[in-house]
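As a plain string of letters, each chain reads:
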Amino acid sequence: MLRLSQGHLNLLQACPRKFQHIFFDRLGAPVGPEQQEKQIWGSQFHLVMQQRELGLPVEFLVREDPQLQRWVSSLISAAPDISIPDPQTSRDSEHCRTLNFQGYLLTVIYDLLIADNQQAQIIDWKTYPQPKQRRRLEQDWQTRLYLYVLAETSDYLPEQISMSYWFVQSQPQPQSLKFSYDRTRHEQTERDLSYLLHQLTDWLQAYQEVGADLPQVAEAAGRCSDCSFAVRCGRSAVGESPANLESAATELMPDLADIEEVAI
Ligand code: SF4
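Residues numbered from 1 in each chain as written. Predicted model: local features only at pLDDT ≥ 70, side-chain atom pairs only at ≥ 80, totals over all residues.

Q: Describe the pairing of strand 3 (residues 104-115), naming the residues involved and giving the relevant values.
A: Within a regular strand, the side chains alternate between the two sheet faces. Pairing geometry for strand 1 (residues 2-4) and strand 3, over three bridges, is parallel. Within strand 3, the position partnered with Leu 4 by the bridge is Leu 106. When strand 2 (residues 90-101) meets strand 3, the two strands line up antiparallel, connected through 11 bridges. Bridged to Asn 100 within strand 3 is Leu 105. A loop of two residues connects strand 2 with strand 3, the two strands running antiparallel in sequence, and Gln 102 in this loop sits at a positive phi of about 50°. Here four bridges tie strand 3 to strand 4 (residues 120-126), and the two strands are oriented antiparallel to one another. Paired with Leu 113 across the strands is Ile 122, a residue of strand 4. In this antiparallel pair of consecutive strands, strand 3 and strand 4, the connection spans four residues. (Pairing = 2+ DSSP bridges. Helix = DSSP H or I, 4+ residues; strand = E, 2+ residues; numbered from the N terminus.)

As structure tokens, then:
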């Protein structure tokens, strides 16, 4: 069974051919040092927050990194209701859920899930400073999939569920964006997921049986000019330089980071 995260869905929706190149043809490249550093830092931050939730000491994790220590402290003071446990709620960090949907295993990992008998709140830490546009984030498969899977795998009604992103590096203090949920959004997400995954099933079958390539995004969408596969796709003069391949590989980094940061 193919396991799909929000990163896979975002890429599949943006360009099925790119999804093919990265996941089936394995045309990525190792992550460069700068990106690797950001990835390690993001993992460290998530690890500190997870340790805090478990009531374990974090001093040894932040001692060598004053910047990390500062951001953790800023987040705690900016979001006391989230960072200081309320005994009336249950909390679980790095909470993983899976949902079998049309033969695919949809997988989500919540940085923190806070719940009581009335509502459930999904929290996601973002270790980049500036929030994306609200509308874009609302349409991102992370928001949609995270909310959808919780509604499908719990007793909460969609209206009882929300998701908040915390951008821990925002200045002068961490900022958050909260998304509520309801039945209408839930049904729309189900329709969109169903459509996308039916397409994927057909494309996969053709790819496996006769080697047919997955479709390319329309050129007019303007995604190809800075894509690392532009030459391969006959869409641009931009070559598959190591830097471009690296950028293709790192496009999925937030998603991979979410999955890898679970281990302690
Ligand atoms: S060049 Fe365009 S069509 Fe080809 S993988 Fe990239 S985005 Fe898709």
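Next comes the rest of the description.
Q: Before we move on, can you summarise the site of the ligand with the specific residues and values?
A: As a matter of local geometry, the ligand sits amid 13 residues, with Cys 15, Gln 216, Cys 224, Cys 227 and Cys 233 nearest to it. Each residue belonging to the shell around the ligand can be placed in one class, and the counts come to seven nonpolar, two polar and four charged. (Near = placed C-beta within 6 Å. Nonpolar A, V, L, I, M, F, W, Y, C, P; charged D, E, K, R; others polar.)

Q: Residues and numbers for the packing of helix 1 (residues 6-14) against helix 2 (residues 16-24), please.
A: Each pair of packed helices can be described by the angle between their axes along with the distance between the axes. Packing of helix 1 against helix 2 brings their axes to within 5 Å, and their N-to-C directions diverge by 130°. With respect to each other, helix 1 and helix 2 are oriented oblique. Packed against helix 1, whose contacting residues are Leu 11, Leu 12 and Ala 14, the element helix 2 presents Pro 16, Lys 18, Phe 19 and Ile 22 at the interface. Among the residues making up the contact of helix 1 with helix 2, the classes are represented as six nonpolar, no polar and one charged. (Axes fitted to C-alpha atoms, helices over the stretch in contact; angles between N-to-C directions. Parallel < 35°, antiparallel > 145°, perpendicular 65-115°, else oblique. Contact = placed C-beta atoms within 7 Å.)

Q: Break down helix 9 (residues 183-210) for me, with residues and values.
A: A turn of α-helix holds 3.6 residues, and therefore any two residues three or four places apart point the same way. End to end, helix 9 covers 40 Å across 28 residues, agreeing with the expected 40 Å (1.5 Å per residue, within 8%). Along helix 9, the positions that sit buried rather than exposed are Thr 189, Leu 193, Leu 197, Leu 200 and Trp 203. Phi turns positive, to about 70°, at Gly 211, one or two residues after helix 9. (Expected span 1.5 Å × (residues − 1). Buried ≥ 20, exposed ≤ 12 C-beta atoms within 10 Å, placed from the backbone.)

Q: Tell me about the environment of Ala 212, and name the residues and values.
A: With respect to the element layout, Ala 212 can be found in the loop between helix 9 and helix 10 (242-250). Beyond its immediate sequence surroundings of up to four residues, Ala 212 is in contact with Ala 206 and Tyr 207.

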